[in-house]
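# An overview of the molecular structure
This is what each chain is made of:
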Amino acid sequence: MAWTRKILRVNLTQGSCASEPLNMEWAMQYLGQRGLGTKYLMSEIDPKVDPLSPGNKIIYTTGPLTGTMASTGGRYSVVTKGPLTGAIACSNSGGYFGAELKSAGWDMIIVEGSAAKPVYLHIENDKAQLLAADDLWGKTVWATEATLKQRHQDPLTRVSSIGRAGENQVLFAGIVNDLHRAAGRSGVGAVMGSKNLKAIAVRGTLGVGNIADPKVFMSAVVASKKVLAANPVTGQGLPKYGTQVLMNVINEMGASPTRNHRDVQFEGARKISGEAMHEKRATDGKTHLVANQACFGCTIACGRISQIDQTHFSVSTKPEYWGASGGLEYEAAWALGNANGVDDLEALQYANLICNEDGMDPISFGATIGAVMELYDLGILSKEDIGLEAPFGSAEALCKLTEMTARGEGFGKIIGLGSKRLCAKYGKPELSMTVKGQEFPAYDGRALQGMGLAYATSNRGACHLRGYMVSTEVFGIPIKTDPKATEGKPELLKAFQDATAVVDSSGLCVFTTFAWTMNDIQPQIQAACEGDWSLENLLATGERIWNLERDFNLAAGITSKDDTLPPRLLNEPCKTGPQAGMVAELGKMLPDYYRLRGWTLEGVPTAETRSRLGL
Amino acid sequence: MQKSLHIDPAKCTGCLQCEMACSYEHTGVFNPAKSRIKVFDFHHEGRKVPYTCTQCAEAWCLNACPVEAIKVDLATGAKVVADAVCVGCKVCTIACPFGTINYNHDSGKVQKCDLCGGVPACAAACPTSAITYVDADWTGLDRMRQWAQKTDAAARV
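A brief look at the structure comes next. (Residues numbered from 1 in each chain as written. Chains lettered and ligands numbered in written order. Predicted model: local features only at pLDDT ≥ 70, side-chain atom pairs only at ≥ 80, totals over all residues. Heavy atoms only, no water.)

## Some remarks on the overall build of chain B
Helix and strand content of chain B: five helices and eight strands. C-alpha extents for chain B along the principal axes are approximately 65 × 30 × 25 Å. For chain B, the residues scored as buried account for 42% of the 157 residues in total. Once local pairs closer than 6 in sequence are excluded, the contacts in chain B between residues at least 24 apart make up 53%. Here chain B has roughly 8,500 Å² of accessible surface; of this, 57% comes from carbon and sulfur atoms. Distance between charge centroids for chain B: 3 Å, based on 16 positive and 15 negative side chains. (Helix = DSSP H or I, 4+ residues; strand = E, 2+ residues; numbered from the N terminus. Buried < 20%, exposed > 50% of the residue type's maximum accessible area, 1.4 Å probe, protein only. Contact = heavy atoms within 4.5 Å. Areas by Shrake-Rupley, 256 points an atom, 1.4 Å probe, with all protein chains shown as cover. Lys, Arg positive; Asp, Glu negative; His and termini not counted. Charge placed at Lys NZ, Arg CZ, Asp CG, Glu CD.)

Structure representation (structure tokens):
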């Protein structure tokens, strides 16, 4: 079974917590986590609802493999309507919180309404209650976690919470668990803040059982762990360098968007790379990186634990930041670094710490700073507007603006709107490097044609985790394709998107797919879960989830005109590197993509597609 | 050969595969809350440290037990709690200087590492060899080898 078959429904308006059975018919169609959470959200809210109103709901959802020994089986997702995009938002996080929630006996928490005063949800196995959080409001994620563990006299309690960014409804606020693992994107933290829900603290001692075929499951788990260990990416590259293994590789490919996508290569990339994190600092002789860390059940362990340079200007008078903590992952390093032209590793780590501490998505935040710096460079924003000088490359400006945004101070309030609203406000909407209102991550859609299409069609706005075409275009996984080519990309992208939807619905981490194919994943799901989870059925499930998300967006008023890229990517060629001269040739791929999806030319699933997928 | 669990915290990533393996071996459920091995996270030092019973030769728990519920497994040297005999008085949890024997309120008995009868599930599950099951008389062998090499290299300079 693997599912606990129980949902916790929390109504903040009424102050109630109630248990209800999981809809197993839906579980058979949508598996869990991302898919099943989306099915519930779609069935329970009007997709046109204001995301920050009590009518929106927020769902914390695990997968059937969450809390099991399957490698990386510790994930949970937060599903809601996103305030940054107005689209479906689904942000996935690791750490230990998801497994703890499952171990407490819950597949999912559905939170509805809005509390009159700040509250937090405390769960101890089947006991769930809403408690006053007046004293926690205004506190950081880190302080909130520490306070709740102390209050409940249980250091093993796991906490998922928002910091001041979520409270202030920064439109890219994230939800952070276990100090530095985050459901980061699309502003899910702002939704939590709008509901006056500060935190969820959970302690689960029931464990996860109900595996359909334990013997087969354990042998599939052992075999799959061996595949991860033997693979050069998951067995060596990621443990040693983390996702930061990508910094130099992507930069050398000429696919590293730099200074708000003006350039595609960053001259300072090496200084902020995974390799640099291993080098001894001139100031104190220590390395930036202290250790790698795994999330629950993960045998890859790509997480970075770093220690900032105590003599750096950002922290020299702030000993509270001197301890080891979550370090730079590639996307954060890129967004805080390359996107702004900042090559000061310690400054990036400081900004990253603040993002973790107060719950902000470093990708959208960093990319928005890129837009601010370009507007400053063009003379549209002045020192008086911002409150400080903000030229490209300024580590001082980056650090100060991070604090201001996290705390809702001065110009930080405007940065907290995200780059789309900010650029529109200053009359330059074309300078916002976003799709559907969400900022790009760390790969250039001109240099990698498949990624361009992935960004344009992602259901949650620009995102690398909805169809990671970098795999094929850079690493040759599962096959090597030419980054410049458009032919064949729609087919590959559809396959990537559908398979990723399955992984995101299972409780597993998508990073396993550097090594695992569906042939490694399917036996683990089939052995754990009752029902038919053949390869064919799983891929149909992935496609069904993708189309359901599309349905949500269409109903929310997002259409094919939003499946596009900023004019800079369509018209301004890559200036340097192996892909020099390239623009994103979206028009060559999008019609094919729609056709392969079984959608009309307007990007709407046809009646035949709906019926084939049982939608 | 007597074998014992050997822990090298520097290799631990905090994945908790050991805790899941331990609980699954003993209860059939993946449940770190019921694991006999625990991983501690000293977060601000960036260290994760697994810890469990080291199977003392003169075991405080065994000597303290008023009903002789803790017996030596002659094959492995493990001090094993006989559930049928244990009365859940918890005196052993007071006697153990290391805290590695604990009460389980679900069973009403105490629980501790029993080396899984000679095939410890934690060591098998550990992806980084932070937990190994090695010759009890030579748990220091790897470290000695490293220092031997280092010392010799230094002497040859």
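## Focus: the sheet that holds strand E3 (residues 58–62) of chain A
Note on sheets: strands pair through backbone hydrogen bonds, and any given pair is parallel or antiparallel. All names here are of chain A. Reading across the sheet, the six strands line up as E2-E1-E6-E3-E4-E5 and stay open at both edges, with mixed pairing between neighbours. At either end of the open sheet lies a strand with only one pairing partner, and these are strand E2 (16–21) and strand E5 (88–93). This sheet shows a mean twist of 20° between the axes of neighbouring strands, independent of strand direction. Direction of pairing for strand E1 (residues 6–11) relative to strand E6 (residues 108–112): parallel, over a ladder of five bridges. Of the residues in E6, the one forming a bridge with asparagine 11 is glutamate 112. (Pairing = 2+ DSSP bridges. Axes fitted to C-alpha atoms, helices over the stretch in contact; angles between N-to-C directions.)

## Here's the deal with the interface of chain B and chain A
Counting from both sides, the interface comprises 22 residues of chain B and, opposite them, 39 residues of chain A. Carbon and sulfur atoms supply 59% of the area buried between chain B and chain A, which totals about 2,100 Å² over both sides. Of all residues in chain B, Gln17, Phe30 and His43 of chain B bury the most surface against chain A, accounting for 29% of the area lost on that side. In this assembly, chain B and chain A are joined by twelve residue pairs in polar contact (both at pLDDT 80 or more). With four residues, the single largest contributor to the side of chain B that touches chain A is helix H1 (residues 17–27) of chain B. Grouping the constituent residues of the side of chain B that touches chain A by class yields eleven nonpolar, seven polar and four charged. (Buried area = accessible area lost by both parts, 1.4 Å probe. Polar contact = N/O pair within 3.5 Å; in protein donor to acceptor, adjacent residues only side chain to side chain. Nonpolar A, V, L, I, M, F, W, Y, C, P; charged D, E, K, R; others polar.)

## Topic: the packing of helix H17 (residues 449–457) of chain A against helix H23 (residues 586–597) of chain A
Residues and elements named next belong to chain A. One can describe the packing of H17 onto H23 by two numbers: an axis separation of 10 Å at closest approach and a directional angle of 60°. Judged by the inter-axis angle, H17 sits oblique to H23. Handedness of the crossing formed by H17 with H23: right-handed. Side by side, H17 and H23 meet where Gln449, Gly452, Leu453, Ala456 and Thr457 of the first sit next to Leu586, Met589, Leu590 and Tyr593 of the second. Partitioned by chemical class, the residues of the contact of H17 with H23 number six nonpolar, three polar and no charged. (Parallel < 35°, antiparallel > 145°, perpendicular 65-115°, else oblique. Left-handed = near helix turned anticlockwise from the far one by under 90°.)

## With respect to unusual backbone geometry
For the peptide bond that leads from isoleucine 477 of chain A to proline 478 of chain A, omega is -5°, which places it in the cis range. The phi dihedral of alanine 301 of chain A is positive, around 70°, even though this residue is not glycine. Within the element layout of this structure, alanine 301 of chain A appears in the loop between strand E13 (289–293) and strand E14 (303–306). Non-glycine residue leucine 115 of chain B carries a positive phi angle of around 60°. A relative accessible area of 2% means that leucine 115 of chain B is categorised as buried.

## A word on helix H4 (residues 141–151) of chain A
Residue and element names in this part refer to chain A. When we look at burial in H4, the residues that qualify are Val141, Trp142, Thr144, Glu145, Thr147 and Leu148. Where H4 is buried, its residues meet strand E7 (119–124), strand E9 (158–161), strand E10 (175–177), strand E12 (197–203), strand E15 (325–326) and helix H11 (345–358). For H4, the side-chain oxygen to backbone nitrogen distance between the N-cap and tryptophan 142 is 3.4 Å, and the N-cap itself is threonine 140. Downstream of H4 by a residue or two, glutamine 153 has a phi angle that is positive, lying close to 50°.

## Some words on the pattern of salt bridges
Residue and element names in this part refer to chain A. Under the counting rule described, the total for this entry stands at 52 salt bridges over all chains. Aspartate 498 is the partner of lysine 494 in a salt bridge, and the nearest nitrogen-oxygen pair spans 3.2 Å. Of this pair, lysine 494 and aspartate 498 both sit in helix H19 (residues 489–506), separated by four residues, roughly a single helical turn. Aspartate 498 carries the same exposure label as lysine 494, and that label is buried. (Salt bridge = Lys/Arg side-chain N within 4 Å of Asp/Glu carboxyl O.)

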